Amino acid sequence: IGFLGLTVALYLPLMLPPITGKMIHFTKFSSLPLLLVVLALAIRTFGDIFMTMRLSVTPASYLLMISGWLIVVALIVFVRMIHESMKHVEIIDKL
């Protein structure tokens, strides 16, 4: 996922209204995806530190795997949040 995936997720709310013709209500956004990404990055950092110091290699590799899955969950929650904010919204008139 990395940098490209998070960049697309960041600009997705800005790109969707012109493409779909529906408005996105940004007031319905939650900070849960952001917290999940920050938590995943913290876990990845600790996993990298443990791997560098050669401390218990097996649990550190699990930390790296968990951080990747947390990023995936954060993106799924983010896309679902955008989808929910677009429900029951008027369509923008196209010129």
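Our structure's up above, just so we're on the same page.
These numbers come from a predicted model, not from an experiment.

Reading the values: the criteria
Residues numbered from 1 in each chain as written. Predicted model: local features only at pLDDT ≥ 70, side-chain atom pairs only at ≥ 80, totals over all residues. Heavy atoms only, no water. Helix = DSSP H or I, 4+ residues; strand = E, 2+ residues; numbered from the N terminus. Buried < 20%, exposed > 50% of the residue type's maximum accessible area, 1.4 Å probe, protein only. Contact = heavy atoms within 4.5 Å. Patch = residues over 30% accessible without salt bridge, like charges linked within 9 Å, V, L, I, M, F, W, Y side chains within 5 Å. Areas by Shrake-Rupley, 256 points an atom, 1.4 Å probe, with all protein chains shown as cover. Salt bridge = Lys/Arg side-chain N within 4 Å of Asp/Glu carboxyl O. Core = buried A, V, L, I, M, F, W, Y, C linked by side-chain atoms within 4.5 Å.

A. Region of the structure containing the overall build of the protein chain. When its secondary structure is counted, the protein chain shows three helices and zero strands. Overall, the protein chain shows an N-to-C arrangement of helices and strands of α-α-α. Each of the 95 residues in the protein chain was classed as buried or not, and the buried ones make up 27%. Counting only contacts in the protein chain whose residues sit at least 6 apart along the sequence, the fraction spanning at least 24 positions is 74%.

B. Layout of a nonpolar patch on the surface. A surface patch of nonpolar side chains, amounting to about 740 Å² of accessible area, comprises Val-8, Leu-10, Tyr-11, Leu-14, Met-15, Ile-19 and Phe-26. Overall, Leu-10 belongs to the exposed group, its relative accessible area being 57%.

C. Summary view of the nonpolar core. Of all hydrophobic cores here, the largest spans 16 residues; its most connected members are Leu-16, Ile-24, Leu-70, Ile-71, Phe-78, Ile-82 and Met-86. Elements that contribute at least two residues to this core include exactly helix 1 (2-20), helix 2 (32-52) and helix 3 (57-86). It is helix 3 that provides the largest number of residues to this core, a total of eight residues. Discounting residues that sit within four places of it in the chain, Ile-24 has contacts with Pro-13, Leu-16, Pro-17, Phe-29, Ile-82, Ser-85 and Met-86.

D. Main features of the pattern of salt bridges. Taken as a whole and judged by the stated rule, the model has one salt bridge. Its salt-bridge partner being Arg-80, residue Glu-84 comes within 3.4 Å of it at the nearest N-O pair. Of the two residues, Glu-84 and Arg-80 are both situated in helix 3; the distance of four residues between them amounts to about one turn of the helix. Note on Glu-84: relative accessible area 33%, which makes it partly exposed. Its relative accessible area of 54% is what places Arg-80 among the exposed residues.

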